[in-house]
Amino acid sequence: MNKKTIGNEPIYDARTLGAPRMLVLGFQHMFAMFGATVLVPILVQGYGLPLSIQTTLFFAGIGTLFFHLCTKLKVPAFLGSSFAFLGGFQAVSELTAGKYADMAAAEKLQYALGGIVVAGLLYVILAGIIKLVGVQKVMRFLPPVVTGPIIILIGLNLAPSAVSNASTCWWLAIVAMAIIVAANIWGKGMIKIIPILLGVVASYLIAAVSGNVDFTAVREAAWVGLPFQWSNTVFGLFARPDLDTSMLITAAITIMPLALATMVEHIGDMCAISSTCNRNYLANPGLHRTLLGDGLATTLASLFGAPANTTYGENTGVLALSKVYDPRVIRIAAVLAVLFSFSPKFEALVAAMPAATIGGVSMILYGMISAVGVRNVVENKVDFTKSRNVLIAAIIMVLSIGITYSGAGAVVIPAGSVTIQLSGLAVGAIVGIVLNAVLPGKDYEFGADLQGDTSVNFKV
């Protein structure tokens, strides 16, 4: 590529580069999101839920295109799989009381996805409220003293599964971790932006060479096939005569609090993209439009059997690297993701990844999620000399951890003919929001500190 054309001055219309260069830039964005996006269904499969890699890729692309329509084709953001909702999948997979006791994994997945559909609709509600009253008034109810501990606990609750996977072959897990750390700390340019992908691929290749990978399923898989199955969709769940409303409510309440963290992450990402591109996307097309696009993309994906979507920091890094800020390039990457999703053989290749590789990658990933929660608290200068802040954070953490690792694992609430189970994180989040609303002495104002407002990002 001509250095006089790319890398010196910002480019807002990539058509000046020509179609071949735009395609190369599109592939670059696809590879930036790829490792993290396909890792989510792999981790969910580790919880025993059959989340499809093909479906995930398909709706990462479709969700991104839908987001661009909602934002008037102005915002250069890619929507990939959200790690924040991993805790929700795991919590639903571990529900064993009542009708959940003998439920098949595919059916549990449907209920979990139903919960994510509701979580996506929360984005839509928040978008409407922000349009009416403004973001500052809304964020008063979601300060870092509430969202920070919730984010910390999302990572901590997932930690046991990472250690369990890594323990199947510690040396392979350490290789994956070492590559990610080296790429993230010492890597330059694109190497620094795709550490997860590099860690996964390198560890996978080493495992294959050493004979630790079974490629039988890869050889048997077809080259071309549809990216989703009706039986794994929420539509399929609602079409069933034995749909259990109480179980759907339980899944929704278990997962909905996670949306509080991801909505704050979305706002931070929009601030970061605006800063990178020197365009105020919070004002034009507006934060309400970006939240609407993110929420509807998440709801659409979950209805058809894919995980929640979220704006990807990796692609913001590519924007900063290339200085090509044209959303058309992101849409090329979205189309490429959709094309890759039509290959069952590719899905089988990814699914054959050793558990130790997954464990090594997820140990860093889950730790990073918790570290982001700490960063959110620190960079927003939460004052823990104030009793209200100490009490809010303490109660959130004790309830979340205590309920999760107690014998019951959840709070069971009978409501007439409906029985609702609340996970520890759900109880902690609800109590934290209520305490913050009623206790005097609020000390957080969104928009006062850009560094603090952009400190929520779940990506490495």
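Computed from a predicted model, the values in this text were never measured in an experiment. (Residues numbered from 1 in each chain as written. Predicted model: local features only at pLDDT ≥ 70, side-chain atom pairs only at ≥ 80, totals over all residues. Heavy atoms only, no water.)

Draft legend 1. Up close: the nonpolar core. With 118 residues, the main nonpolar core has Leu43, Phe83, Leu86, Phe89 and Tyr366 as its most contacted residues. Element by element, the count of residues in this core is highest for helix H12 (residues 245-277), at 15 residues. Those residues within four positions of Leu86 in sequence are excluded, and the remaining contacts are Val40, Leu43, Val44, Tyr47, Leu158 and Tyr366. Leu17, Met22, Leu25 and Val329 belong to the second largest nonpolar core, which has seven residues in total. (Core = buried A, V, L, I, M, F, W, Y, C linked by side-chain atoms within 4.5 Å. Buried < 20%, exposed > 50% of the residue type's maximum accessible area, 1.4 Å probe, protein only. Helix = DSSP H or I, 4+ residues; strand = E, 2+ residues; numbered from the N terminus. Contact = heavy atoms within 4.5 Å.)

Draft legend 2. A look at the environment of Leu95. Tracing the chain through its elements places Leu95 in the loop between helix H3 (86-93) and helix H4 (105-133). The class for Leu95 is buried, based on a relative accessible area of 7%. Each C-alpha atom of the pair Leu95 and Thr250 lies 9.6 Å from the other, and the pair is 155 residues apart in sequence.

Draft legend 3. A look at empty space enclosed by the protein. Counted by the stated rule, this structure contains two cavities of 30 Å³ or more. Approximately 40 Å³ is the volume attributed to the second largest cavity. Lining the second largest cavity we find Ala32, Gly35, Ala36, Ile193, Ile194, Pro195, Ile196, Leu197 and Glu314. If you list the elements that add at least two residues to the lining of the second largest cavity, you get helix H1 (19-46) and helix H9 (195-209). Partitioned by chemical class, the residues of the lining of the second largest cavity number seven nonpolar, one polar and one charged. (1 Å grid on protein atoms, 1.4 Å probe; cavity = no way out; pocket = protein on both sides within 12 Å on 5 of 7 lines; lining within 4 Å. Points joined across faces, edges and corners; volume = space filled by probe spheres on them. Nonpolar A, V, L, I, M, F, W, Y, C, P; charged D, E, K, R; others polar.)

Draft legend 4. A look at the pattern of salt bridges. On inspection of all chains with the given rule, the structure shows four salt bridges. Between Arg375 and Glu379 there is a salt bridge; the shortest N-O distance is 3.2 Å. A residue pair is termed a helical-turn pair when its members lie 3 or 4 positions apart in one helix, as Arg375 and Glu379 do in helix H17 (residues 355-379) at four residues. Judged by relative accessible area, which is 18%, Glu379 ranks as buried. Here the salt bridges share partners, and the residues they tie into one network are Asp13, Arg15, Asp326 and Arg328. (Salt bridge = Lys/Arg side-chain N within 4 Å of Asp/Glu carboxyl O.)

Draft legend 5. The arrangement of the packing of aromatic side chains in detail. Applying the stated criterion across every chain, the model contains six aromatic pairs. A ring pair is formed by Phe58 and Phe59, whose centres lie 5.0 Å apart and whose planes are at 80 degrees; its orientation type is edge-to-face. Phe59 matches Phe58 in its accessibility class, with the two residues each being buried. A connected cluster of aromatic rings, assembled from ring pairs, spans Phe58, Phe59, Phe304 and Phe342. Positioned above the aromatic ring of Tyr12, the side-chain terminus of Arg279 is 3.8 Å from the ring centre. (Phe/Tyr/Trp six-rings, centres within 6.5 Å; stacked < 30°, edge-to-face > 60°. Lys NZ or Arg CZ within 6 Å of the ring centre and 35° of its normal.)

Draft legend 6. Unusual backbone geometry, seen in detail. Residue Pro285 follows Asn284 across a cis peptide bond; omega there is 15 degrees. Relative to the helices and strands, Pro285 is located in helix H13 (residues 282-303). One non-glycine residue, Lys381, lies in positive phi territory at about 55 degrees. The class for Lys381 is exposed, based on a relative accessible area of 60%.

Draft legend 7. Geometry of helix H15 (residues 327-340). The first and last C-alpha atoms of H15 sit 20 Å apart over 14 residues, in line with the 20 Å expected at 1.5 Å per residue. Those residues of H15 that fall on the buried side of the exposure criterion are Pro327, Val329, Ile330, Arg331, Ala333, Ala334, Leu336, Ala337 and Val338. Packing partners of the buried residues in H15 comprise H1 and helix H2 (53-70). (Expected span 1.5 Å × (residues − 1).)

Draft legend 8. Representation of the environment of Gly441. Considering the arrangement of structural elements, one finds Gly441 in the loop between helix H19 (424-438) and helix H20 (450-453). For Gly441 and Ser387, which are 54 residues apart along the polypeptide, the C-alpha to C-alpha distance reads 9.6 Å. Setting aside its immediate chain neighbours within four residues, Gly441 contacts Lys386 and Arg388.

Draft legend 9. Spotlight on the side chain of Thr316. Mapped onto the elements, Thr316 comes out in helix H14 (residues 313-322). Take Thr316: its relative accessible area is 11%, and that puts it in the buried class. With near-sequence residues (within four places) excluded, Thr316 lies in contact with Ala272, Ile273 and Thr276.

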